[in-house]
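# An overview of the molecular structure
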Amino acid sequence: MREPTVVAAGGTGAADYFETYSVVGILAVVGVLFVAVAFGAGRLLRPVVPTPEKLLTYECGVDPVGEGWAHTQVRYYVYAFLYVIFAVDSIFLFPWATVFAAPGYGATTLVEMFVFLGFLAVGLLYAYKKGVLAWT
């Protein structure tokens, strides 16, 4: 007959701990196998008939003219990056507002948010001084 294992008060055994990770590992392996089988089946089942027309760049039904590379200016990426920064800022403001309303966290969270907003303001000032925000 097997003896029961003794577990410390309030905790779980090491077997339970590693069992939860084994479930995650098995799920990851099944996911990788599923993707590999899907790609393999697609490669085996698809028709492969390359023609010169199929190798052309598709431009909405219009015959392609010129090179396939389009040049874009870097400033559009900078605008997108600045947008992402301020979108992340707004995402951090909502949880801050809920914690700020909780009793006992007011002064600490207020100081932390002003430090965070200060970093963002310094970044915006730097972008302004470098002329990044000029739309020309």
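Model, not experiment: these values are computed from the prediction.

Direction vectors running N to C along helix α2 (residues 74-101) and helix α3 (residues 106-129) enclose 170°, while the axes themselves pass 10 Å from each other. Judged on the interaxial angle alone, α3 and α2 are roughly antiparallel. Judged by residue contacts, Ile 85, Phe 86, Asp 89, Phe 92, Leu 93, Trp 96, Val 99 and Phe 100 of α2 engage Gly 106, Thr 109, Leu 110, Met 113, Phe 116, Leu 117, Leu 120 and Leu 124 from α3. For the contact of α2 with α3, a count of residues per class yields 13 nonpolar, two polar and one charged.

One can find Phe 100 in helix α2. Non-local contacts of Phe 100, meaning those with residues more than four positions away in its chain, are made with Gly 106, Thr 109 and Leu 110.

Together, Phe 86, Leu 124, Leu 125, Tyr 128 and Leu 133 give the surface a local cluster of nonpolar side chains, amounting to about 460 Å² of exposed area. Ranked by residues supplied to the nonpolar patch, first place goes to α3 with three residues. Tracing the backbone through its elements, the reader meets Tyr 128 in helix α3.

Moving on to the environment of Thr 109. Note on placement: Thr 109 falls in helix α3. A sequence separation of 12 residues divides Thr 109 from Ala 97, and the C-alpha atoms of the two residues are 8.9 Å apart. Sequence-distant contacts of Thr 109, that is, excluding residues within four places in its chain, are made with Trp 96, Val 99 and Phe 100.

Taken as a whole, the largest pocket encloses approximately 170 Å³ of empty space. Forming the walls of the largest pocket are Val 78, Phe 81, Leu 82, Ile 85, Phe 86, Leu 120, Gly 123, Leu 124, Tyr 126, Ala 127, Lys 130 and Val 132. Looking at the lining of the largest pocket, the elements with two or more residues in it are α2 and α3.

Conventions adopted
Counting restarts for each chain: residues are numbered from 1 in the order of the written sequence. For a predicted model such as this one, the threshold for reporting local features is a pLDDT of at least 70, and the threshold for listing and counting side-chain atom pairs is 80 or more; totals across whole chains, interfaces and linings nevertheless cover every residue. Values reported for side chains reflect all heavy atoms of the structure, with hydrogen atoms and water molecules removed beforehand. Fitted lines through C-alpha atoms serve as axes, helices being fitted only where they are in contact, and the angles separating the N-to-C directions of these axes extend from 0 to 180 degrees. The secondary structure listing takes helices from DSSP runs of H or I that are at least 4 residues long and strands from runs of E that are at least 2 residues long, numbered from the N terminus. Convention used here: angles under 35 degrees read as roughly parallel, angles over 145 as roughly antiparallel, angles from 65 to 115 as roughly perpendicular, and any remaining angle as oblique. Contacts between residues were defined by any pair of non-hydrogen atoms, one from each residue, lying within 4.5 Å. Throughout, the ten residues Ala, Val, Leu, Ile, Met, Phe, Trp, Tyr, Cys and Pro are labelled nonpolar, Asp, Glu, Lys and Arg are labelled charged, and all others, Gly among them, are labelled polar. A residue counts toward a patch only above 30% relative accessible area and without a salt bridge, and it is joined to like-charged neighbours within 9 Å or, for Val, Leu, Ile, Met, Phe, Trp and Tyr, to nonpolar neighbours within 5 Å. Per-residue and other accessible areas follow the Shrake-Rupley method at a 1.4 Å probe size, with only the shown protein chains counted as cover for residues. Just to be clear on terms, a salt bridge is a Lys or Arg side-chain nitrogen sitting within 4 Å of an Asp or Glu carboxyl oxygen. The definitions used throughout rest on a 1 Å grid laid over the protein atoms alone, on which a cavity is an enclosed set of points accommodating a 1.4 Å probe that cannot get out and a pocket is an open set flanked by protein within 12 Å on both sides along at least five of seven lines; lining residues are those having an atom within 4 Å of a point. Grid points are joined across faces, edges and corners, and a volume is the space filled by probe spheres set on the points.

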